[in-house]
Number of protein chains: 2
Amino acid sequence: MSELRKDPVVDRWVIISPKRGERRGAFGRIRRMDEEEQSGQCPFCSGNEGQTPPEILAYRKKGTGPDEPGWRIRVFPNKYPALGKTQKLIKKSRGIYKVISGIGSCEVIVETPRHGVSIFDLSIDYVSDLIRVYRDRIIDLTKDPRFQYVLVLKNEGFLAGSSIDHAHSQIIATSVVPKRVEEELSGAKKYHKHTNKCIFCQMVEQELFSRERVIQENEEFLSIAAFAARFPYETWILPKEHRSIFESLTEKEVIQLAKILKSTMNAMNQVASYPPFNYLIHNSPCWERPLDYYHWHMEIIPRLTRIAGFEWGTGLYINPLSPEEAAHRMRQALS
Amino acid sequence: MSELRKDPVVDRWVIISPKRGERRGAFGRIRRMDEEEQSGQCPFCSGNEGQTPPEILAYRKKGTGPDEPGWRIRVFPNKYPALGKTQKLIKKSRGIYKVISGIGSCEVIVETPRHGVSIFDLSIDYVSDLIRVYRDRIIDLTKDPRFQYVLVLKNEGFLAGSSIDHAHSQIIATSVVPKRVEEELSGAKKYHKHTNKCIFCQMVEQELFSRERVIQENEEFLSIAAFAARFPYETWILPKEHRSIFESLTEKEVIQLAKILKSTMNAMNQVASYPPFNYLIHNSPCWERPLDYYHWHMEIIPRLTRIAGFEWGTGLYINPLSPEEAAHRMRQALS
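Residues numbered from 1 in each chain as written. Chains lettered and ligands numbered in written order. Predicted model: local features only at pLDDT ≥ 70, side-chain atom pairs only at ≥ 80, totals over all residues.

Engineer: Honestly, the overall build of chain A in this entry has me stumped. Any pointers?
Structural biologist: Check the secondary structure of chain A and you find seven helices and 15 strands. Against the 2.2 N^0.38 benchmark of 20 Å for 335 residues, chain A shows a C-alpha radius of gyration of 20 Å, consistent with a compact globule. For chain A, the spread of C-alpha atoms along the principal axes amounts to about 55 × 50 × 40 Å. Nonlocal contacts in chain A, meaning residues at least 24 apart in sequence, comprise 67% of its contacts between residues at least 6 apart. (Helix = DSSP H or I, 4+ residues; strand = E, 2+ residues; numbered from the N terminus. Rg over C-alpha atoms; globule rule 2.2 N^0.38 Å. Contact = placed C-beta atoms within 7 Å.)

Engineer: Would you explain the relation of the copies chain B and chain A in this entry?
Structural biologist: Both copies of the chain are placed relative to one another by a rotation about an axis and a shift along it. For the pair chain B and chain A, the relating rotation is 180 degrees, the translation along its axis is 0.0 Å, and the fit reaches an RMSD of 0.0 Å. Read as a symmetry element, the transformation amounts to a two-fold axis. With an isologous cut-off of 70% or more, the 99% of interface residues of chain B that recur at the interface of chain A puts this contact in the isologous class. (Least-squares fit on C-alpha atoms with pLDDT ≥ 70 in both.)

Engineer: Sorry, what's going on with the sheet that holds strand β2 (residues 13-16) of chain A here?
Structural biologist: Strand pairing in a sheet relies on backbone hydrogen bonds, with the paired strands running either antiparallel or parallel. As summarised here, the arrangement of the five strands in space is β5(A)-β6(A)-β1(A)-β2(A)-β15(B), forming an open sheet in which the pairing is mixed. Each edge of the open sheet is held by one strand with a lone partner, namely β5 (91-94) of chain A together with β15 (317-319) of chain B. Neighbouring strand axes in the sheet, compared pairwise and without regard to direction, differ in orientation by 25 degrees on average. (Pairing = 2+ DSSP bridges. Axes fitted to C-alpha atoms, helices over the stretch in contact; angles between N-to-C directions.)

Engineer: What is the right way to look at the interface of chain B and chain A in this model?
Structural biologist: One frequently used descriptor of interface size is the decrease in accessible area upon assembly of the parts. The interface is formed by 73 residues belonging to chain B together with 73 residues belonging to chain A. Here the side of chain B that touches chain A takes seven residues from helix α3 (residues 179-195) of chain B, the largest share from any one element. A class-by-class count of the residues in the side of chain B that touches chain A yields 41 nonpolar, 18 polar and 14 charged. (Nonpolar A, V, L, I, M, F, W, Y, C, P; charged D, E, K, R; others polar.)

Engineer: Hey, could you run me through the sheet that holds strand β3 (residues 57-60) of chain B in this one?
Structural biologist: Residues and elements named next belong to chain B. Pairing is antiparallel in the open sheet, where 10 strands are placed in the order β3-β4-β7-β9-β8-β13-β14-β12-β11-β10. Two strands lie at the open edges of the sheet, namely β3 and β10 (214-217), each paired on one side alone. When the angles between neighbouring strand axes are averaged without regard to direction, this sheet yields 15 degrees. Helix-sheet contacts for helix α4 (residues 199-210) involve β10, β11 (221-225), β12 (235-239) and β14 (297-302), and the interaxial angle to β11 is about 75 degrees.

Engineer: What's the story with helix α4 (residues 199-210) of chain A in this structure? I'm lost.
Structural biologist: An α-helical turn contains 3.6 residues, so a residue and the one three or four places further along point in the same direction. Residue and element names in this part refer to chain A. Spanning 12 residues, α4 covers 16 Å between terminal C-alpha atoms, matching the ideal 16 Å at 1.5 Å per step. If you check which residues of α4 are buried, you get I199, F200, M203, V204 and E207. Each buried residue of α4 lies within a common arc of 145 degrees when the element is viewed along its axis, so the set occupies one face. Looking at the buried side of α4, the elements it contacts are α3 (179-195), β10 (214-217), β11 (221-225), β12 (235-239) and β14 (297-302). Residue R211 follows α4 closely and has a positive phi angle near 65 degrees. (Expected span 1.5 Å × (residues − 1). Buried ≥ 20, exposed ≤ 12 C-beta atoms within 10 Å, placed from the backbone. Arc of directions from axis to C-beta.)

Engineer: Looking at this structure, how should I read the confidence of the model for chain A?
Structural biologist: Do not read the predicted coordinates in detail wherever pLDDT is low. Residues and elements named next belong to chain A. Residues at a pLDDT of 70 or more form 92% of chain A, whose mean pLDDT is 90. Below a pLDDT of 50 lies the segment residues 28-36, which in the model reaches 14 contacts outside its immediate sequence neighbourhood of four places, other chains included. Interface scoring of the predicted complex returns ipTM 0.86; its pTM is 0.89. (pLDDT = per-residue confidence, 0-100.)

Engineer: Help me understand the packing of helix α2 (residues 124-142) of chain B against helix α5 (residues 251-272) of chain B, please; the structure alone is not making it clear to me.
Structural biologist: If you want to describe how two helices pack, look at the angle between their axes and the distance between the axes. Residue and element names in this part refer to chain B. Running from N to C, α2 and α5 point in directions that differ by 115 degrees, and their axes come no closer than 8 Å. Regarding the angle of α2 to α5, the classification is roughly perpendicular. In this structure, the crossing between α2 and α5 has a hand that is right-handed. Residues I124, V127, S128, I131 and R132 of α2 pack against V254, I255, L257, A258, K259, L261 and K262 of α5. Taken together, the residues that form the contact of α2 with α5 break down as eight nonpolar, one polar and three charged. (Parallel < 35°, antiparallel > 145°, perpendicular 65-115°, else oblique. Left-handed = near helix turned anticlockwise from the far one by under 90°.)

Engineer: So what exactly am I meant to see when it comes to the pairing of strand β7 (residues 104-110) of chain B here?
Structural biologist: Every regular strand shows the same layout, with side chains that alternate between the two sheet faces. All names here are of chain B. Burial within β7 is extensive, with seven of its seven residues counted as buried. Side-chain alternation along β7 places G104, C106, V108 and V110 on one buried face and S105, E107 and I109 on a second face that is also buried. Two elements, β7 and strand β9 (residues 168-174), share seven bridges in a ladder whose sense is antiparallel. Looking at β9, one finds that V108 is bridged to Q170.

Engineer: Which parts of the structure should I look at to understand helix α5 (residues 251-272) of chain A?
Structural biologist: Residue and element names in this part refer to chain A. Given a rise of 1.5 Å per residue, 22 residues ought to cover 32 Å, and the 31 Å separating the end C-alpha atoms of α5 matches this to within 8%. Burial in α5 covers these residues: Q256, L257, A258, I260, L261, T264, M265, A267, M268 and A272. Looking at the buried residues of α5, the elements they touch are α2 (124-142), β10, β11, β12, β14 and α7 (323-334). Taken from the residues just after α5, S273 is the one with a positive phi, measuring 55 degrees.

Engineer: Would you mind showing me how to read the environment of P276 of chain A here?
Structural biologist: Following the sequence through the fold, P276 of chain A ends up in the loop between α5 and β13 (277-282). Contacts of P276 of chain A, omitting those with residues within four sequence positions, involve E156, G157, F158, L159, A160 and R303 of chain A.

Engineer: So what exactly am I meant to see when it comes to the environment of L153 of chain A here?
Structural biologist: Residue and element names in this part refer to chain A. As for its position among the elements, L153 is in strand β8 (residues 149-156). For L153, a count of 22 C-beta atoms within 10 Å puts it in the buried group. Measuring from C-alpha to C-alpha, the distance between L153 and Y97 comes to 30 Å, with 56 residues separating the pair along the chain.

Engineer: I'm lost on unusual backbone geometry in this one. Help?
Structural biologist: A negative phi angle is the norm for most residues apart from glycine, just as the trans form is the norm for most peptide bonds. Residues and elements named next belong to chain A. Here D67, not a glycine, exhibits a phi torsion of approximately 60 degrees, which is positive. When you line up the elements, D67 lands in the loop between β3 (57-60) and β4 (71-77). The phi dihedral of R211 is positive, around 65 degrees, even though this residue is not glycine. Tracing the chain through its elements places R211 in the loop between α4 and β10. The exposed category is assigned to R211, around which 11 C-beta atoms lie within 10 Å.

What follows is the structure in C-alpha cells.
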C-alpha cells in the first residue's frame, strides 16, 4: 500500500511505494536492462500480451480482439504501479507531518509492436496516433473526481530512467497537483494578475520576434531552446495560440504536433547522436478549466549531463551549452 | 563568460556556462572516469599539485610549502569553474527574461593525498579536519559582499556526478539564493510566523519522541531517515539544539559532527554496499544571521534509483523503501 507524504518544510510530495521495490533492479546497484529483454522475452512485444495486465485501450486491426496481436499502439496498467487505483482517499496528520493514501493511476502505452523501433522513425500518421492515445487517456482519467492531475511522459534509454527498452510512454494520474506544476501555475497566475497576459503567449511572441532560440515552427506550434534551459538541447514545444487544455487538440492540431515533434526529435537525434531523453506534457490540472493564464507545452530533455549534488542541493542547474547555440545546431540539422 | 538566467515562469536560476563544456566528457555521451586517472596521473594525488590551480588553503606538515606534497587536506579553485570570481555583477533584462553575470566561486577540497581512500575509513580526527576546512572556507567566502550563498557538497562515484574518482568535496558561492534553499527558508519562515517555533527544532523533537526514523544520536547531533525521503536511505543530520549558522560550530560540535557523519556513512555503506552518493550542507544565506526560523542540516542522498521523466516533470519523487525500514536497517548496521 503506497502513501503520499509531504515534506513539512518545502511542501514537496513524495510517493512512498514499497511495491515498486519489488521490481527486479528497482534499487540496489543500478543495473542495465531487464533479463526478459536480453532473452527476447520482452513483455511489450507483440505476441507477449499475456505477460502484461489486460489492455485498457488499443488501436488495432479490425477483427483482432483485446490482448491479442494486431495492435499498433496498446495501453495497459503498469504491473508495478507506484500508486493504486482502488484505495480510498484517506488524509492523516502525524504531528508536523501529513500523509494521504497513494491513490492514482499508472498506465503504460506501448508505441509499436516491434522491439527496437523508435516511433519517431515511423510515419506522421503513427506519431499522430500516439498523440490521439495521449488525448483519449487524459480525457478518460480526468473524469475520475479523485484525480487532480494527469501527466504524460516518455523515458527513452536506461540513463533516462527507462527500465524496459521497447518504446513506450506513461500516463500517471495523481490526487495532488505536483510541486513543479504548481510552481508553473502560480508563476503564470502572478504574471497574469500584473499584466493580464499569459506569460507563455508572451514567450511565444518574444521568441518569434528574436528568433535566436527558435528551432522550428509550423502553422500551430513552435519549438524552441528554452531561454533558461537546464540541460544541453533542452527543447520546449508550445502551441502558438493560447491553449490551456492539451486534450482539446483539434484533428488539425494533432497532425501539426506530430509533425513538429517528429522533426524536433530527429534534429535532436542528429545533433546529440540518439541521446537518452525524457519528455513531458505539462498540462493544466483537472479542475478549473480552461485557464486564461496557463498554456500547455511539452518539455524534451536529453540526458547528456549527470545531475550531481550541486543541482540537488540548490535547484540551480549548470548548462554547458548556450540555448542559442543549441537552437542553431538543431536548425542546421533540419535544413 | 558564464551567466545566470532566470526562468520567467518558475523563478528558477540556471547557470549557462560554456566553459564547463570544455571539460573532456562534459556532455555528449556519458562516459566513465577521466583518462588521467586510469593512467595513474590523477591531478588530485600528492605529487601532482602542479596540475591544479594554486592552493587557497591546506592543512599540511610543518616545513612544507604551498603546492608541495605534505598536505592532509588541500583546497584550490576549480579548473573548470561554472562561475567566475573576477566578473562584475551586471543585471540585464531582455523582455520577459532576466540575466545576471555568472559571479561566484567554485573550489575543490581534496580530502586525502591518497587515491582510492575514503575519508570515512580514516580517523575521527581526519573527518574533523574536513569539517574545519568546510567551516574556514565558508567564513572566508561569506565576507565577499557579492555572494548571497555558500554551498558545501560532496559527490562520490560516477553515478552521483563525480568526474574524478579521488575523494573530494566542493564549495560553491553564488550571487543568488538558490531556489531549493529559498523554498526551505520561506517554508520555515511561514511556520515560524504561525507558531513562533523553528520547524526543524520541532522535527528533532518529534523524531526523538517517536524514534521510528532515528538512525543515531550523540550529545549534539541527530541522524534520521527523512519523513518524506525522496530516495532509499536518504538521511539527514541535524543539530539537536537550534543552530542556523554552520560555521559557528564549536570545537566540541566539530568532533561530534565528525563522529555522527563517519558512523552514518559507514552504516549507509553497509546497507547499500558503498553506494554512489551526494551530500550537501544546507546553511542559512550570507545575510541576516542568525535566523530564529532556520536550522542548518546535512542531506545525504545515496544514488540507488535513477531519476526519470516522472520526477523531472512533477517534482514528485517515488521512493520504493519506507524511511522507517531504512532507519531500521541502518540502526541494525550500527549495532
